[in-house]
Structure formats: C-alpha cells, structure tokens
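Notes for the structure review
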Amino acid sequence: MSFQSLGLHPKLLSALHKKAYNTPTPIQTAAIPLVMNKHDIMAGAQTGTGKTAAFALPLLHDLITNADNHPLPGIKVLVLTPTRELAQQVHSSFVEYSTGSSIQCVATYGGASINPQIEKLSAGCEVLVATPGRLLELLFKQLIHLDDVKAWVLDEADRMLDMGFMPDIKRILPYLPQNKQTLLFSATLNKEITGFSNLFMTKAKLVEVDNRNASADKVEQTIYQVDKAQKSAALSYLIGSRNWHQVLVFTRTKIGADELAKEMKKDGITAQSIHGDKSQGARERVLADFKERKIRALVATDVAARGIDIEQLEYVVNHELPYNAEDYIHRIGRTGRAGAAGLAVSLVASKEQYLLKDIEKLLGINFMPQWLEGFEPSQDAIEQEQNKRKPSKKSLRNKALSGKDNRKPRRRR
Ligand code: AMP
C-alpha cells in the first residue's frame with residue numbers, strides 16, 4: 001500500500017515525499033479511505049501510530065481539492081485536543097502536510113495571550129486546532145463562528161474525558177452545524193468513550209488497528225527494582241554512565257517532577273521539568289531546549305508529555321509507574337515513534353509491584369525485573385516482594401486520589 005494508491009492530492013504526496021514517509025501506517029491505511037468517503041469514524045489509535053496524519057491527510061485532501069475548484073472562506077475543519085502541546089503538534093503537522101497549498105491553519109490554546117491568536121484567525125483560517133477552553137472563549141466573545149465546519153476531530157478523546165472536558169465539549173456542540181463529519185480518535189475505545197460518542201455520532205465506522213502493543217513491540221522495555229529513596233540517584237547514574245542524551249522522564253506529580261529535576265541537577269545532569277503549572281512560555285522554552293539537546297533530561301507529568309513529539313527520542317524512563325496502566329503505553333510510545341527503536345526503563349519500588357502487574361496484564365507479557373548494580377533493593381523490599389505482602393490496590397489508589405492515607409497505623413507487637 002502506498003500513499004499514492006490512497007488517492008491523495010499530488011500536493012500532499014509531495015509533502016509526504018519531503019518528509020520521507022514512504023508507506024502509510026496501519027491506522028492511516030484503515031482511516032484515510034473512510035474519511036475521504038465522508039464517514040464518521042471512531043478510531044482506536046495511540047499516539048505514535050501516525051494517527052495525526054490519519055485524519056489530517058484526508059481532511060486536507062478534501063480542502064485542497066475544493067480550494068482548487070471554488071475557494072470559500074471560513075473554518076472548515078476543527079480539531080479539538082486536550083492539551084496545548086498536542087494542539088501545537090497537530091497544528092504543525094497540518095502546516096507541514098499542506099505546504100504548497102493555500103490552506104491556512106491556526107492553533108488556539110489557553111495559557112498564552114489570546115490577541116496574537118485572534119490576529120492569525122482574522123488573517124484567514126480553514127483549519128482550526130484548539131483546546132476546548134480557548135475555543136469556548138473565542139465563541140463566547142463572538143470572535144469566530146463554526147457555521148462552515150464540514151468536519152471536526154476529537155483527538156485523544158479518552159484524555160479529554162480524563163481531564164474533565166466533557167462539559168466544555170457539550171457547550172461547543174451547539175455551535176457546530178448539524179451536517180458535519182465527526183472523527184473521534186482515542187487511545188482506548190471503552191464504555192465511557194462509546195457513551196460519550198453517542199452524544200454526537202450514531203453511525204460511526206469503527207477503526208481498530210492492532211495497536212495495543214504497537215509501541216511496546218518496537219520498544220525495548222527494562223524494569224529495575226530499586227528502592228524509592230534510591231531512584232533519583234539510580235536515574236542520574238543510568239543517564240551518566242550509559243551516556244544517554246534526550247531522556248524523557250515521567251513522574252506522577254508536578255511537585256515530583258520539579259523535585260526530581262532539582263535532584264538530577266545536583267548530580268550534574270542538565271534537567272528541567274515540564275507540567276501544567278508552568279507558563280506556556282516556560283513550557284515552550286524547555287521543550288525547545290530539550291529538542292535542541294541543550295538539556296539532557298526532561299521530567300514530565302503524563303498530561304504535559306502528551307503532544308511531545310520528538311523524532312528519534314531514544315530513552316523514556318518511568319521514575320514512577322503510572323496509576324493507569326494505559327498511561328504506561330502512552331509513555332513508552334514517546335520513544336520508538338513510527339517504527340524506530342527505543343528503550344523504556346522503569347524504576348519500580350516494592351510498593352509499585354501491583355502497578356507493574358496491571359501493566360503486564362494489559363500488555364499480556366511478564367517482565368523480568370532486574371537489579372541495577374550499586375542500587376540493589378533493600379532486604380525489606382526483597383522480602384516484601386517474595387512474601388507478596390502487597391497493600392490492596394484500592395486503598396493505595398484511593399489514598400493517591402484523595403491525598404489522604406486512610407490506612408490505620410499498624411501496632412507493634
Ligand atoms: P502520531 O501518532 O500522529 O503522533 O505520529 C507519530 C510519529 O510518526 C510522528 O513523528 C509522525 O511524524 C510520524 N509518522 C506519521 N506517519 C508516518 C508514516 N507514514 N511514515 C513515517 N513516519 C510517520
């Protein structure tokens with residue numbers, strides 16, 4: 001299968017040729033013909049599978065073909081993304097793929113001044129990539145209208161739900177015309193997503209490619225059993241001794257990300273953190289420095305890491321395992337992009353064993369945890385692992401979610 005045989009416009013083919021994309025990925029092969037034939041789709045595709053091009057290419061094909069015949073002003077394509085980073089990423093994909101055409105693409109997102117975005121919008125916009133909050137602001141202020149939208153995309157719909165965007169999306173819906181094409185992309189297609197999609201689509205074609213392990217297959221995964229207190233030192237040691245550059249490190253919390261970056265700096269590793277409490281400007285600077293290899297380690301939370309697309313990012317480290325096993329797949333999918341090789345290292349403390357089990361269950365594999373020389377787990381941790389005295393999943397999760405420790409202190413005998 002080639003992009004040519006999918007019938008894409010020659011301008012798109014030439015842009016793809018410049019990007020050296022030779023073959024469509026499975027999600028592209030499955031989704032592009034359906035989108036070109038104006039079907040609504042519900043696609044199960046993770047980041048890293050080429051999902052952006054799976055919707056951007058057929059939508060641009062339609063716009064370019066129509067622009068050649070009879071150009072009409074107005075926003076024709078709306079893409080909603082959960083985060084600013086993803087909005088920027090999707091926007092630059094549209095810009096790159098539409099090189100050589102007259103299609104204008106604009107990104108609008110919160111955390112940045114609205115005025116430059118308004119200026120860009122007033123200069124003309126056929127493709128708008130937006131986060132829900134900023135889009136609503138523009139709609140409430142009557143600075144834009146969505147009457148001409150022919151197709152809209154909900155990108156990373158599962159993440160939108162997780163981040164509580166459901167009410168915003170319900171508010172946006174009435175601004176869209178009745179007759180429009182709807183494309184929903186989600187890493188997971190579960191009951192919540194299906195229920196949510198019922199609000200606005202009924203006859204969607206389901207597109208599911210075997211992508212559950214797509215990232216995982218390409219990525220070498222290593223698990224080190226390390227005591228919690230040793231994790232930061234072990235990480236700096238790994239990065240230093242193995243001469244890793246451009247390492248994306250995941251923590252569960254924003255505070256944890258800041259603290260870890262500080263620790264690593266003390267160990268002589270250039271590190272910065274990126275998360276939602278940082279200003280948009282600061283996030284962009286850090287990301288640019290990381291891309292240019294001015295900083296060696298970028299410590300990120302799951303939400304902030306969405307949309308970080310760095311070609312040939314070789315190393316991902318889970319300083320802490322995520323509470324949600326699917327987030328593990330998203331995390332390691334940051335490396336091994338579109339078929340490249342990558343390494344994902346997880347530092348797992350004894351109390352995280354149950355999270356590792358969740359991940360093993362989801363991936364359908366059993367890891368062989370290793371010890372890192374000089375950072376072997378303490379005897380207590382080993383015994384705990386051997387005796388399988390694990391605290392119940394529920395209580396730990398509840399504690400994490402509520403910020404409280406509900407467990408009663410154990411009496412000494
Ligand atoms: P996405 O899943 O949209 O985040 O894309 C993951 C990465 O794959 C991005 O860096 C894209 O530029 C790249 N990509 C998308 N489609 C292809 C393709 N057909 N061939 C090679 N790389 C691709």
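Please refer to the structure higher up on the page.
Below is a short write-up of the structure. (Residues numbered from 1 in each chain as written. Predicted model: local features only at pLDDT ≥ 70, side-chain atom pairs only at ≥ 80, totals over all residues. Heavy atoms only, no water.)

**Description of helix 13 (residues 280–291)**
The α-helix advances 3.6 residues per turn, and as a result positions three or four apart in sequence lie on the same side. What counts here: A run of H or I in DSSP counts as a helix once it spans at least four residues, and a run of E counts as a strand once it spans at least two, with each numbered from the N terminus. Every helix has an expected span of 1.5 Å times one less than the residues it contains. Classification of residues uses two cut-offs on accessible area relative to the type maximum, computed with a 1.4 Å probe and protein chains only: under 20% is buried, over 50% is exposed, and between them is partly exposed. Regarding the arc, it is the one traced by the directions from the helix axis to the C-beta atoms. Residues are treated as being in contact if the distance between any of their heavy atoms lies within 4.5 Å.
Over its twelve residues, helix 13 runs 16 Å from end to end, which matches the ideal 16 Å to within 8%, given 1.5 Å per residue. All of the buried residues in helix 13 are Gln280, Ala282, Arg283, Val286, Leu287 and Phe290. Axial view of helix 13: buried residues confined to an arc of 165°, hence all on one face. Where the residues of helix 13 are buried, they touch helix 4 (84–97), strand 9 (247–250), strand 10 (271–274) and strand 11 (297–300). Once helix 13 finishes, arginine 293 follows within two positions and takes phi at roughly 65°, a positive value.

**Comments concerning the packing of helix 5 (residues 114–122) against helix 6 (residues 132–140)**
Here is the rule we go by: To define axes, lines are fitted to C-alpha atoms, for helices over the stretch in contact only, and angles between the resulting N-to-C directions are given on a 0 to 180 degree scale. An angle below 35 degrees is read as roughly parallel, one above 145 as roughly antiparallel, one from 65 to 115 as roughly perpendicular, and any other as oblique. Should the near helix be turned anticlockwise from the far one by less than a right angle, the crossing is left-handed, and should it be turned clockwise, the crossing is right-handed. Ten residue types, Ala, Val, Leu, Ile, Met, Phe, Trp, Tyr, Cys and Pro, are classed as nonpolar, four, Asp, Glu, Lys and Arg, as charged, and the remainder, Gly among them, as polar.
In the contact formed by helix 5 and helix 6, the axes pass within 12 Å of each other and the chain directions differ by 70°. The angle between helix 5 and helix 6 falls in the class roughly perpendicular. Once helix 5 is placed against helix 6, the crossing between them reads as right-handed. Where helix 5 approaches helix 6, its residues Ile114, Gln117, Ile118 and Leu121 are matched on the opposing element by Arg134, Glu137 and Leu138. Residue classes in the contact of helix 5 with helix 6 are distributed as four nonpolar, one polar and two charged.

**A closer look at the site of the ligand**
Rules: One heavy atom within 4 Å of a molecule or strand makes the whole residue count as near it. In the analysis that follows, any N or O atom pair within 3.5 Å is treated as a polar contact, provided that within protein one partner can donate a hydrogen and the other can accept it, and provided that, for residues neighboring in sequence, both atoms belong to side chains. Note that the domain bounds were set by an automatic or database domain assignment.
Neighbouring the ligand are 15 residues, the closest being Tyr21, Gln28, Gly48, Gly50 and Thr52. In this structure, a nitrogen atom belonging to the ligand sits 2.8 Å away from a side-chain N or O atom of glutamine 28. At 2.6 Å, a side-chain N or O of threonine 52 approaches an oxygen atom of the ligand. Broken down by class, the residue content of the shell around the ligand amounts to four nonpolar, eight polar and three charged. Two domains each donate at least three residues to the shell around the ligand, and these are domain 1 (4–208) and domain 2 (219–378).

**Quick look at the packing of helix 4 against helix 13**
For the pair helix 4 and helix 13, the least separation of the axes is 11 Å and the interaxial angle reads 60°. As summarised for this structure, helix 4 and helix 13 are arranged oblique, according to the angle between their axes. With respect to the hand of their crossing, helix 4 and helix 13 are arranged in right-handed fashion. Residue-level inspection shows Arg84, Glu85 and Gln88 of helix 4 in contact with helix 13, the latter providing Gln280, Arg283, Glu284 and Leu287. In terms of residue class, the contact of helix 4 with helix 13 is built from one nonpolar, two polar and four charged.

**A few points about the environment of alanine 234**
Structurally, the position occupied by alanine 234 is in helix 11 (residues 231–241). For alanine 234 and tyrosine 224, which are ten residues apart along the polypeptide, the C-alpha to C-alpha distance reads 9.6 Å. Not counting residues up to four positions away in its chain, the partners in contact with alanine 234 are Val226, Leu372 and Phe375.

**Notes on the nonpolar core**
For clarity, the cut-off: Buried Ala, Val, Leu, Ile, Met, Phe, Trp, Tyr and Cys residues form a nonpolar core when they are joined through side-chain atoms within 4.5 Å.
Core analysis: the biggest nonpolar cluster contains 42 residues, and Leu8, Phe55, Leu57, Leu60, Phe94, Val127 and Phe185 have the highest contact counts within it. The element contributing the most residues to this core is helix 3 (residues 51–69), with ten residues. If sequence neighbours within four positions are ignored, phenylalanine 55 has contacts with Val79, Val90, Phe94, Val153, Asp155, Leu183 and Phe185. Counting 32 residues, the second-largest nonpolar core is a separate cluster that includes Ile75, Ala130, Leu136 and Ile144.

**Re the sheet that holds strand 13 (residues 342–348)**
This is how it is decided: By the convention used here, strands pair only if DSSP detects at least 2 bridges between them.
Strand order in the open sheet formed by six strands is 8-13-12-9-11-10, and the pairing between neighbours is parallel. The outermost strands of the open sheet, each flanked by one partner alone, are strand 8 (219–225) and strand 10. Put simply, the sheet's adjacent strands are angled 20° from each other on average, direction ignored. Two strands pair when backbone bridges link them, and strand 9 and strand 12 (residues 315–318) are joined in this way by four bridges, in the parallel orientation. If you follow valine 247 over to strand 12, its bridge partner there is tyrosine 315. In the packing of helix 11 onto the sheet, the strands contacted are strand 8, strand 9, strand 11, strand 12 and strand 13, and the crossing angle to strand 13 comes to about 155°.

**As for the sheet that holds strand 3 (residues 105–108)**
In spatial order, the strands read 3-4-2-5-6-1-7; together these seven strands make up an open sheet with parallel pairing. Of all strands in the sheet, those with a lone pairing partner are strand 3 and strand 7 (205–208), marking the two edges. Between one strand axis and the next, the sheet turns through 15° on average, direction left out of account. Taken together, the four bridges between strand 2 (residues 77–80) and strand 5 (residues 151–154) define a ladder with parallel strand orientation. Counterpart to valine 79 in the pairing with strand 5 is valine 153. Sheet contacts for helix 5: strand 3 and strand 4 (127–130); angle to strand 3, the most-contacted strand, approximately 155°.

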